[in-house]
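So you can see what is in the structure, the chains are spelled out below.
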Amino acid sequence: LKLPEFNGVAEERSRGRHIGPRYTPPYITSEPELHARPRTAGDRFIVIGSDGLWDAMSSEEAVDFVDSLLRPKEGSATPRDEVADKLVQEALRREAATARMSMQRLLSLPAGRMRRGLHDDITVSILFLDKAGGSSTGGPGGASGGIFGWLA
């Protein structure tokens, strides 16, 4: 969708949003943004999220939220297979608050420009790291969540 035929001139908005001549298509690349750091004994999980998550909260806020679910002050910890969904729900709650509407109202909006203007798609995977230094995804070692996993 970022090819010239979808990138109209500024006066012709029906053909797409105009991006100034400093930039050239395609505007979206498949080049990943990578950051490497050594693991420490205290590392317990990795949060992997789409840009919709990071629009709603910082990486520190996401990590603190997940940590609060895994180490609650009162009661029992959230099961690992529910953590990613709860993180998605928290991101949507924040987006609803920013839009000054209830989360129910936000989620009831039909797909399209109106909803897209309020929040981006949100997908989250949590990779839980075991004490031996290994990792796992799915089942008890990992969890994934997305906006459509719990809306129904």
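Structural notes, computed from the coordinates.

Calculation criteria
- Residues numbered from 1 in each chain as written.
- Predicted model: local features only at pLDDT ≥ 70, side-chain atom pairs only at ≥ 80, totals over all residues.
- Heavy atoms only, no water.
- Helix = DSSP H or I, 4+ residues; strand = E, 2+ residues; numbered from the N terminus.
- Buried < 20%, exposed > 50% of the residue type's maximum accessible area, 1.4 Å probe, protein only.
- Contact = heavy atoms within 4.5 Å.
- Areas by Shrake-Rupley, 256 points an atom, 1.4 Å probe, with all protein chains shown as cover.
- Expected span 1.5 Å × (residues − 1).
- Core = buried A, V, L, I, M, F, W, Y, C linked by side-chain atoms within 4.5 Å.
- Arc of directions from axis to C-beta.
- Axes fitted to C-alpha atoms, helices over the stretch in contact; angles between N-to-C directions.
- Parallel < 35°, antiparallel > 145°, perpendicular 65-115°, else oblique.
- Left-handed = near helix turned anticlockwise from the far one by under 90°.
- Nonpolar A, V, L, I, M, F, W, Y, C, P; charged D, E, K, R; others polar.

Within the protein chain, the secondary structure is distributed over 5 helices and 3 strands. Scanning the protein chain from its N terminus toward the C terminus, one meets helices and strands in the order β-α-α-α-α-α-β-β. A total of 152 residues make up the protein chain; the buried ones form 28% of that total. For the protein chain, the share of sequence-separated contacts (at least 6 apart) that also reach a separation of at least 24 residues comes to 54%. Total accessible area on the protein chain is roughly 10,700 Å²; 53% of this is exposed by carbon and sulfur atoms.

All right, on to helix α3 (residues 80-98) then. When the terminal C-alpha atoms of α3 are compared, their 28 Å separation across 19 residues agrees well with the 27 Å that a helix rising 1.5 Å per residue should span. Turning to α3, its buried residues number three or more, namely Val83, Ala84, Leu87, Val88, Glu90, Ala91, Leu92, Glu95 and Ala96. Of the residues trailing α3, Arg100 is marked for its positive phi of about 55 degrees.

Glancing now at the nonpolar core. Grouped together as the largest cluster of nonpolar side chains are 23 residues, with contacts concentrated most on Val47, Leu53, Val66, Leu87, Val124 and Ile126. Broken down by secondary-structure element, the contributors of at least two residues to this core are β1 (45-49), α1 (51-56), α2 (59-70), α3 and β2 (123-128).

On to the environment of Pro79, then. Among the structural elements, Pro79 can be located in the loop between α2 and α3. In the structure, Pro79 is positioned 10 residues away from Leu69 in sequence and 8.5 Å away in space, judged by C-alpha atoms.

Because an α-helix packs 3.6 residues into every turn, residues spaced three or four apart end up facing the same way. In this model, α2 (12 residues) spans 17 Å end to end at C-alpha, consistent with the 16 Å of a helix rising 1.5 Å per residue. Among the residues of α2, those classed as buried are Ala62, Phe65, Val66, Leu69 and Leu70. What you see down the axis of α2 is that its buried residues fit within an arc of 135 degrees, all on one side. Projecting away from the buried face of α2 at angles above 90 degrees are the exposed residues Glu60 and Asp64. Buried positions along α2 lie against β1, α1, α3 and β2.

It is worth spelling out the side chain of Glu95 at this point. Structurally, Glu95 is set in helix α3. With residues up to four places along the chain from it excluded, the contact list for Glu95 reads Asp55, Ala56, Leu106, Leu118 and His119.

In the contact formed by α2 and α3, the axes pass within 10 Å of each other and the chain directions differ by 135 degrees. Relative to α3, the element α2 lies oblique. Considering the relative orientation of α2 and α3, their crossing is right-handed. Here Glu61, Ala62, Phe65, Val66, Leu69 and Leu70 of α2 come into contact with α3, specifically with Arg80, Val83, Lys86, Leu87, Glu90 and Arg94. Class assignment for the residues of the contact of α2 with α3 results in 7 nonpolar, no polar and 5 charged.

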